[in-house]
Amino acid sequence: MKVVALVSGGKDSCYAMMKCIEYGHEIVALANLMPADDSVDELDSFMYQTVGHQIIASYAECMGLPLFRRRIQGSTRHQTLNYKTTPGDEVEDMFVLLNEVKRQIPSITAVSSGAIASDYQRLRVESVCSRLGLVSLAYLWKQDQSMLLHEMITNRIWAITVKVAAIGLVPSKHLGKGIAFLNTHLHKLKELYGINVCGEGGEYETLTLDCPLFGNARIVLDEFQIVLHSPGSIASVGVIHPLAFHLENKETAISLSNNDKTNYSSPEKKGSVFEVQGDCPQRSEATCQSNAERNNLVEVRDDIIYISRTKKDNIFSICCWLQDSCKNSAGSHEDLAIVLKHIESQLIGYGFGWGHVLYIHLYIADMNEFAMVNETYVRFITQEKCPFGVPSRSTIELPLLQASLGKAYIEVLVANDNSKNVLHVQSISSWAPSCIGPYSQATLHKEILHMAGQLGLDPATMTLCNEGPSAELEQALENSEAVANVFNCSISTSTIVFTIYCSANTPLPERLEIQEKQDCFLEEMRLLQLEYGSKCKILYPIFLYVLVPDLPKRASVEVKPILFVPEDTETAVTSVQNPNSSTVANCWGFQHAQWHDSCIQKCVVSGKICAVILSITEDHVAKIGSESLGVNEKDVDHHNSVSKGNMERVSRFCVYLLDKGIMENGFSWEDTMVSFLDLFLTIVVF
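Residues numbered from 1 in each chain as written. Predicted model: local features only at pLDDT ≥ 70, side-chain atom pairs only at ≥ 80, totals over all residues. Heavy atoms only, no water.

An unreviewed UniProt entry lists the protein chain under the name Diphthine--ammonia ligase, with Salix suchowensis as the source organism. Regarding the protein chain, the relevant UniProt record gives this comment under Catalytic activity (unreviewed entry): "diphthine-[translation elongation factor 2] + NH4(+) + ATP = diphthamide-[translation elongation factor 2] + AMP + diphosphate + H(+)". (UniProt positions renumbered as here; feature names shortened; annotations may be inferred.)

The following block contains the structure:
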C-alpha cells in the first residue's frame with residue numbers, strides 16, 4: 001500500500017515507517033501537526049508531540065518526500081476514550097490534514113503512526129482513517145518496549161531526548177542525549193520506578209536526527225536552550241528549544257541491510273513542504289443509511305421468520321432465521337438483511353439497540369458470498385450505533401438450507417447494561433489481526449470474555465499461514481493469546497470452552513494433527529505461565545471440534561475461545577472432563593449408567609459458571625435404544641436405531657443429562673444464557 005506517515009519527529013514514528021517498508025509498503029508522503037505559534041515548544045495536547053517542531057520541516061529534504069503540515073487550531077474537547085467527531089477538537093485538525101493529503105495524492109490508501117500503548121491516540125487515528133477510507137498501520141502496537149528500544153538502536157535510529165518528565169531523568173543531565181546512551185539508565189529506572197522505557201507514559205520525548213530513512217541528509221543540532229517547566233520538583237520537566245541546526249548531506253542512500261537492494265528513500269529526490277489550511281468540519285461526515293435504503297428490503301411474512309429468545313436477569317440471546325428462504329432471494333446477503341432488520345426491531349422492542357449486543361454468531365449458507373454478506377452487515381451494525389464498542393463476531397458456513405434454516409442464521413448475545421469492555425483494534429500491526437469494520441477482537445462482560453473467531457492470519461500482513469492447517473492453528477492460538485493478554489489473562493489458563501471449527505476441505509489426518517497440536521501448544525503455554533511466576537488458578541477448558549463446509553478466507557481452522565476473567569483472583573475454579581455423579585433425582589425415565597459420563601463435558605466455576613457440552617454419537621444412540629427395548633446393544637440395528645420414536649427418546653436423554661449437569665452444580669434452566677446451533681448442544685449458565 002502507498003502510505004502517508006504521521007511524523008512527530010520522535011523515534012517511534014520513524015521506526016514505524018521503517019516497519020512499513022519492511023512489510024512491503026511504500027512511504028509516499030509525510031504529515032505533521034504543529035503549534036499555531038512557532039515560538040511555542042509544547043502544547044497541552046493529549047494527542048500530539050510538538051517539542052522540536054521547528055526542525056520537522058527538514059524531514060522533507062532528508063527523506064526526499066513531500067511533507068504536509070497543519071497548525072493545530074483545536075483543543076482537547078472529547079476526552080472519553082472512544083472518540084466521536086467533535087467540532088473544535090484537535091483530532092479534527094488531523095482529519096483536515098490527512099484529507100488534503102489524500103486529495104493531492106489519491107493513490108494513498110494507508111496511514112502509519114507510532115502508537116505503542118496509548119489506546120487514546122490509536123482510537124483517534126483509527127477514527128480519522130475510518131472516516132477517510134484509509135487503513136491504519138501501527139506496527140509498534142503492543143510490542144515489548146524493551147525489545148522496541150533495542151531494535152531502534154540496532155537499526156541506527158539516532159534520536160535525542162527533547163523532553164524529560166520523570167523521576168530519575170534530570171533536564172540538565174539527560175536532555176539532548178541519544179537513546180543508545182540512555183538505554184541502560186532507562187532500564188534501571190524501569191526496575192526502580194516502573195517507567196516505560198519507550199516513554200509511553202510521557203516520561204520523555206525524542207527527536208530523530210538521523211536514521212536509515214534519511215537518504216539525503218542528516219540533521220545536526222548546533223545550539224539549543226533548555227527550558228524548565230517545573231524546576232525543583234521530584235520529577236522536573238524540561239524541554240529543548242532549538243536555536244540553530246543545519247543539514248549534513250549524505251553521499252549515498254542507506255538501505256535496509258547489506259543484502260537488501262531496496263533503498264529507504266531516493267537521494268536524488270528533493271522534498272517539498274506544504275502547509276494545509278482551512279477550517280475543521282463542523283459536523284460529522286459519517287452518513288447514516290437512509291430510510292429509503294433501509295426500507296428497500298424484501299418484505300417477508302412474519303410467519304416464516306423464526307425468532308428464539310432465551311433470557312437471564314442481565315443477559316439474553318436472540319436467534320433469527322428464515323424457515324423457508326425467499327424463492328426470489330438473491331443469496332445469503334439478502335436473507336441476512338431481512339434477519340438483521342427483524343433482530344433490530346426485536347432489540348428496539350425491548351428498549352435496546354445494537355450497542356447492547358456483546359457477540360454475534362453469523363452463520364451463512366455459502367462462504368462465496370462473504371464479501372456481500374459483510375457489506376450488508378456493516379449497513380446495520382455501525383460504530384455510531386455502538387458508542388460503547390461494537391460486538392465481537394464469528395462467521396461460519398453451515399449447511400443451513402438442508403436444515404430449512406434459510407441462507408443466513410444469526411444469534412446475538414445481548415446485555416441489558418453498558419458495562420461491557422470492548423477491545424477493537426482496527427490498525428494493522430504485529431500484535432494480532434486487525435478488525436477493520438464494526439466487529440471487535442473481544443468483549444468482556446460480567447467476568448466472561450467473548451473472543452471473536454481467530455483465523456491463522458499473520459497480523460502484520462493479514463494473510464493466512466501457508467504451511468498447512470497445523471501452522472494455521474498455531475497462529476490462530478497465538479493471535480488469541482495476544483488478545484487475552486490485553487485482559488491480563490491467558491487462553492491456556494482462563495478458557496472455559498474452546499470451539500475449534502475445522503474446514504471439511506482439510507484431510508482427515510491433518511484434522512487429527514490439529515487436535516494434537518492444540519493440546520501440545522496449550523500445555524507449553526501453561527508451563528510458560530508457571531515459569532513466569534503466574535499465580536492465577538488454572539482452568540482446564542472443554543473442547544468442541546466442529547467440522548464445517550467452509551471458513552472465511554478459505555481457512556482450514558478457526559478458533560473461538562470463551563474465557564473466565566474473574567474480578568476476584570481467589571475465585572474457585574474446577575474443570576470436569578468426565579463427571580461421575582447421580583445425585584439429581586431421576587424424573588426422565590433414565591437410570592444413571594457409567595457410560596453416560598462419556599457423553600458430557602463440564603467446566604464449573606463454583607457459584608458462577610457451569611458450561612456443559614453434550615455429544616451423542618451413533619454408538620450412544622444404539623445404547624439408548626437397547627435400554628428402551630430391553631435388549632443387548634449388539635442386537636440393535638444401528639442404521640434403524642435412528643427412528644422417530646428412538647430419536648424422541650434420545651432427545652429426552654439429552655435433556656436428562658443436561659438437567660442433571662446443571663442442577664447438581666446449583667444452577668437451573670432459568671440461568672441458561674445461550675445454546676449454540678450445531679449437531680451438539682452446548683449450555684452455558686451463570
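Back to the text.
**Q** Got a minute to help me understand the overall build of the protein chain in this structure?
**A** When helices and strands are tallied, the protein chain shows 16 helices and 29 strands. Classification of the 686 residues of the protein chain by burial places 55% in the buried group. When the accessible area of the protein chain is evaluated, it comes to approximately 29,500 Å², of which 50% is carbon and sulfur surface. (Helix = DSSP H or I, 4+ residues; strand = E, 2+ residues; numbered from the N terminus. Buried < 20%, exposed > 50% of the residue type's maximum accessible area, 1.4 Å probe, protein only. Areas by Shrake-Rupley, 256 points an atom, 1.4 Å probe, with all protein chains shown as cover.)

**Q** Looking at this structure, how should I read the sheet that holds strand S3 (residues 67-71)?
**A** Paired through their backbone hydrogen bonds, the strands of a sheet run either parallel or antiparallel. Here we have six strands laid out as an open sheet, ordered S5-S4-S1-S2-S3-S10, and parallel in their pairing. Pairing within the sheet leaves two strands with one partner each, and these edge strands are strand S5 (135-137) and strand S10 (273-275). Averaged over neighbouring strand pairs, the angle between their axes works out to 25 degrees when direction is ignored. Relative to strand S2 (residues 26-34), strand S1 (residues 2-6) is paired through five bridges, and the arrangement is parallel. (Pairing = 2+ DSSP bridges. Axes fitted to C-alpha atoms, helices over the stretch in contact; angles between N-to-C directions.)

**Q** Is there a simple way to explain the pairing of strand S23 (residues 542-548) in this structure?
**A** If a strand is regular, its side chains alternate between the two faces of the sheet. Where burial is concerned, most of S23 is hidden: five out of the seven residues are buried. Note that strand S22 (residues 495-503) and S23 share seven bridges and pair parallel. When the sheet's bridge partners are listed, valine 497 is paired in S23 with isoleucine 542.

**Q** Quick question: what am I supposed to make of a nonpolar patch on the surface here?
**A** Taken together, the side chains of Ile167, Leu192, Tyr193 and Ile234 present a nonpolar region at the surface, about 430 Å² in accessible area. With respect to the helices, strands and loops of the structure, leucine 192 is situated in helix H8 (residues 179-193). Owing to a relative accessible area of 52%, leucine 192 belongs among the exposed residues under this scheme. (Patch = residues over 30% accessible without salt bridge, like charges linked within 9 Å, V, L, I, M, F, W, Y side chains within 5 Å. Salt bridge = Lys/Arg side-chain N within 4 Å of Asp/Glu carboxyl O.)

**Q** For this particular structure, what's the right way to read helix H1 (residues 11-22)?
**A** In this model, H1 (12 residues) spans 16 Å end to end at C-alpha, consistent with the 16 Å of a helix rising 1.5 Å per residue. Judged by how many residues are buried, H1 sits mostly within the fold: 11 of 12 residues are covered. Here H1 has its buried residues at Lys11, Asp12, Ser13, Cys14, Tyr15, Ala16, Met17, Met18, Lys19, Cys20 and Ile21. Glycine 24 lies just past H1 and shows a positive phi near 95 degrees. (Expected span 1.5 Å × (residues − 1).)

**Q** Please explain the packing of helix H6 (residues 145-154) against H8 as it appears in this structure.
**A** When two helices pack together, their arrangement is given by the angle between their axes and by how far apart the axes lie. Their axes nearest at 10 Å, the elements H6 and H8 cross at an angle of 170 degrees. Accordingly, the angle class assigned to the pair H6 and H8 is roughly antiparallel. Counting all contacts with H6, which are made through Ser146, Leu149, Met152 and Ile153, the residues of H8 involved are Ile179, Ala180, Asn183, Leu186, His187 and Lys190. (Parallel < 35°, antiparallel > 145°, perpendicular 65-115°, else oblique. Contact = heavy atoms within 4.5 Å.)

**Q** Explain the packing of aromatic side chains here, please?
**A** The relation between two aromatic rings is expressed through the spacing of the ring centres and the mutual angle of the planes. The final tally for this structure, using the stated rule, is 15 aromatic pairs. Measuring from centroid to centroid gives 5.7 Å for phenylalanine 46 and tyrosine 120, while their planes differ by 75 degrees, and the two rings are edge-to-face. Here phenylalanine 46 is found in the loop between S2 and helix H2 (53-56), whereas its partner tyrosine 120 is found in helix H5 (residues 119-132), with 74 residues between them in sequence. Assessed through its relative accessible area of 13%, tyrosine 120 is described here as buried. A cation over a ring is seen here: arginine 122 above tryptophan 141, with NZ or CZ 4.8 Å from the ring centre. (Phe/Tyr/Trp six-rings, centres within 6.5 Å; stacked < 30°, edge-to-face > 60°. Lys NZ or Arg CZ within 6 Å of the ring centre and 35° of its normal.)

**Q** How do you make sense of the environment of isoleucine 338 when you look at a structure like this?
**A** Mapping isoleucine 338 onto the fold places it in helix H10 (residues 332-349). Sequence separation of isoleucine 338 and alanine 408 is 70 residues, and the distance between their C-alpha atoms is 9.3 Å.

**Q** Is there a simple way to think about the pattern of salt bridges in this case?
**A** Working definition: two side chains of opposite charge can pair if their charged atoms are close together. Counted according to the given criterion, the structure contains 21 salt bridges. Its salt-bridge partner being arginine 122, residue aspartate 119 comes within 2.7 Å of it at the nearest N-O pair. Note that aspartate 119 and arginine 122 are positioned in helix H5 at a spacing of three residues, about one turn of the helix. Exposure remark for aspartate 119: the relative accessible area of 27% places this residue in the partly exposed category. Each of Asp210, Arg218, Glu248 and Lys250 takes part in salt bridges that share partners, so that together they form one network.

**Q** What should I look at first to understand helix H14 (residues 508-531) in this one?
**A** Every α-helix winds through 3.6 residues per turn, so residues three or four apart in the chain are directed the same way. The end-to-end C-alpha distance of H14, which contains 24 residues, comes to 35 Å, matching closely the 34 Å that a straight helix rising 1.5 Å per residue would cover. For H14, the set of buried residues is Ile514, Gln518, Phe521, Leu522, Met525 and Arg526. Buried residues along H14 sit in contact with helix H12 (469-486), helix H13 (491-494), S22, S23 and strand S24 (557-564).

**Q** What should I look at first to understand the nonpolar core in this one?
**A** Buried together is how nonpolar side chains tend to be arranged in soluble globular proteins. By size, the foremost hydrophobic cluster in this structure holds 58 residues, and its most contacted members are Met17, Ile27, Leu30 and Leu213. With seven residues, the top contributor of residues to this core is H1. Counting residues in each nonpolar core, the second largest holds 32 residues, with Leu449, Val483, Met525 and Leu563 among its members. (Core = buried A, V, L, I, M, F, W, Y, C linked by side-chain atoms within 4.5 Å.)

**Q** Is there a simple way to explain the environment of arginine 526 in this structure?
**A** Relative to the assigned elements, arginine 526 resides in helix H14. Residue arginine 526 is classed as buried on the basis of its relative accessible area of 8%. Residues in contact with arginine 526, not counting those within four places in the same chain, are Ser492, Thr493, Ile538, Tyr540 and Pro541.

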